[in-house]
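Descriptive analysis of the structure
Listed here are the chains, written in short residue letters.
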Amino acid sequence: MAMGLLPLYFLFLFLSISSGEISSQVGINYGQLGDNLPLPKESVKLIQSIGAKRVKIYDANPDILNALKDTNLQVSIMVPNEIITNISTDQKLADSWVEFNVVPFYPKTKIRYLLVGNEVISSSPNETWYNIVPAMRKIKTALKTHSLSKIKVGTSMAMDVLESSFPPSNGTFRSDIAVPIVKPLLQFLNRTKSFYFLDVYPYFPWSTDPKNINLDYALFESRTTKYTDPVFNLTYTNLFDQMVDSVVFAMKKLGFSDVRIWIAETGWPNDGDIDQIGANIYNAATYNRNVIKKLTAKPAIGTPARPGWVLPSFIFALYNENKKPGPGTERHFGVLYPNGSNVYEIDLSGETPNSDFEPLPKPENNEPYKGKIWCVAARGVNASELGSALSYACSQGNKTCDPIRPGNKCFKPNSLVWHASYAFSSYWSQLKNTGATCYFNGLATQTTKDPSFGHCKFPSVSL
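Residues numbered from 1 in each chain as written. Predicted model: local features only at pLDDT ≥ 70, side-chain atom pairs only at ≥ 80, totals over all residues. Heavy atoms only, no water.

**Some thoughts on the state of the cysteines**
Test applied: Cysteine sulfur atoms are paired as a disulfide whenever they fall within 2.5 Å. Helix and strand assignments come from DSSP, with helices taken as H or I runs of at least 4 residues and strands as E runs of at least 2, each series counted from the N terminus. Only protein chains enter the accessibility calculation, which uses a 1.4 Å probe; a residue is then buried when its area is under 20% of its type maximum, exposed when over 50%, and partly exposed in between.
All told, the structure shown has three disulfides when counted by the stated rule. Across the disulfide, Cys375 is cross-linked to Cys438 (sulfur-sulfur distance 2.1 Å). Classification of the bridge connecting Cys375 and Cys438 rests on its S-S torsion, roughly 90 degrees, and on that basis the disulfide is right-handed. Within this pair, whereas Cys375 is found in strand β15 (residues 372-377), its partner Cys438 is found in the loop between α15 (416-431) and β16 (444-447), the two being separated by 63 residues in sequence. The class for Cys438 is buried, based on a relative accessible area of 4%. Each sulfur of the disulfide joining Cys410 and Cys456 lies 2.0 Å from the other. Torsion about the S-S bond of the Cys410 and Cys456 cystine: about 105 degrees, corresponding to right-handed handedness.

Here is the structure:
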């Protein structure tokens, strides 16, 4: 009997070691694109207060890394996109980067993961794409040189690296990157036993097609909506699993069925622009609380294609960051306001029952806004910056600012705010369909109140 139990003991030991290495603890993404955020020491206290066990930063900020010393928080740091190309061909530069950004802090700061770039395929020129894996190799070599080989090296990818994601079994990497970029990446991750770091946001496919994608299905709230993959007969009860498994199948098509996935970012916006459906506190709290319950479940739930697999994760994000560019949702993914107060109650440990949280405000924008919207200058902004934004808006589009030229019907009142508001509205109405936003580096805001005056009619966007 003792001999029969011995293999089971070693199996248990192996599983214990594996689960220890890739625990289901949930972390938080600590972005810094705000001019009103708490200092690192205070931020670290806040991170601990919401039950996070890990934290990911988008650089190697020494103040943050010092604040994380002796905290027991596992840490992920990042090589900026801008220096990937240089590092990819220069081992000395890679060695120097590790020596300057990792060695002084390790092991008191528990740096466990080092990402080479953030969504490089989505946000950087394609010349950089081919340098991702060579840079990762250089960084891995540098870590070994400094006896830091336990730190896992990876890079984060968004869902737009797929050319097909539905049904999940049809998940396929884009033809322009599959063989030259993704396959070498998977080879590296497989060889080094690292992770495919994936950014997953069910909000975006749902908000793009709310008529055909059930909101409750996107929020892990559906009790009736299910989808069965026609090829493998796998049944899905939420959009998150569908998205993750589409990547699982895409990797399998390239010959890598066992590379582990790490959810590098997931979350839901708590606010946004008028034309952004479903961005509210109710949905954000519901999504994040539910995804945390899924990710921290014991035993691990996994996904239909990988049942029982642990999905380590980072929720996005710690704060609402007021300097992030783009649509309003980009500045409203935080679980905390910049003053450190809760946007909504959250426990990243997953131990607090959802029923213990205070009631949430009723959502008011789960249906698309119908009507006209204008883009006007925000209150209290810097006049010099506003003037530059006015000049930019007037240089775009077709006769964008003709009505506010001297003598024309919108010239008066002759004020910078008036002229900028007209220019912003005119610019946005002409170019919104090409991806233009009402932002202008935080100088503009949307309004449903018609700013037109007298004979001057402001252009608008109609939804």
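From this point, things continue past the structure.
**Considerations on the confidence of the model for the protein**
In regions of low pLDDT, the predicted coordinates are not meant to be interpreted in detail. Put simply, the rule is: Per-residue confidence from the predictor is reported as pLDDT, which spans 0 to 100. Residues are treated as being in contact if the distance between any of their heavy atoms lies within 4.5 Å.
In the predicted model, the protein carries a mean pLDDT of 94, and the fraction of residues at 70 or more is 95%. Within the model, pLDDT remains below 50 along residues 1-20, and this stretch shows zero contacts once partners closer than five positions in the same chain are excluded.

**Description of the layout of surface pockets**
Which entries qualify depends on this criterion: Cavity means a closed set of points on a 1 Å grid over the protein atoms alone, one where a 1.4 Å probe fits but cannot get out, pocket means an open set with protein on both sides within 12 Å along at least 5 of 7 lines, and lining means a residue has an atom within 4 Å of a point. Grid points are joined across faces, edges and corners, and a volume is the space filled by probe spheres set on the points.
Approximately 1200 Å³ is the volume attributed to the largest pocket. Forming the walls of the largest pocket are 41 residues, and the residues nearest its centre are Glu119, Ala158, Asp199, Tyr201 and Glu265. Among the secondary structure elements, those contributing two or more residues to the lining of the largest pocket are α6 (120-123), β6 (162-164), α10 (203-208) and α12 (239-253). For the lining of the largest pocket, the element with the highest residue contribution is α12, accounting for four residues.

**Considerations on the nonpolar core**
Rules: By nonpolar core we mean a set of buried residues, namely Ala, Val, Leu, Ile, Met, Phe, Trp, Tyr and Cys, connected to one another through side-chain atoms within 4.5 Å.
Counting 101 residues, the largest nonpolar core has Ile139, Phe173 and Tyr196 as the members making the most contacts within it. Leave out the neighbours within four places in its chain, and Phe173 touches Val161, Leu162, Glu163, Ala178, Val182, Leu186, Tyr196, Ala250, Met251 and Leu254. Core analysis: the second largest hydrophobic core is formed by 27 residues, Ala377, Ile404, Cys410 and Tyr422 among them.

**Here's the deal with the environment of Gly308**
Inspection of the secondary structure assignment puts Gly308 in the loop between β13 (306-307) and β14 (313-315). For Gly308, a relative accessible area of 43% gives the class partly exposed. Spatially, the C-alpha atoms of Gly308 and Lys298 are 9.3 Å apart, while their sequence positions differ by ten residues. Dropping the residues within four chain positions of it, Gly308 is found in contact with Ala300, Ile301 and Gly302.

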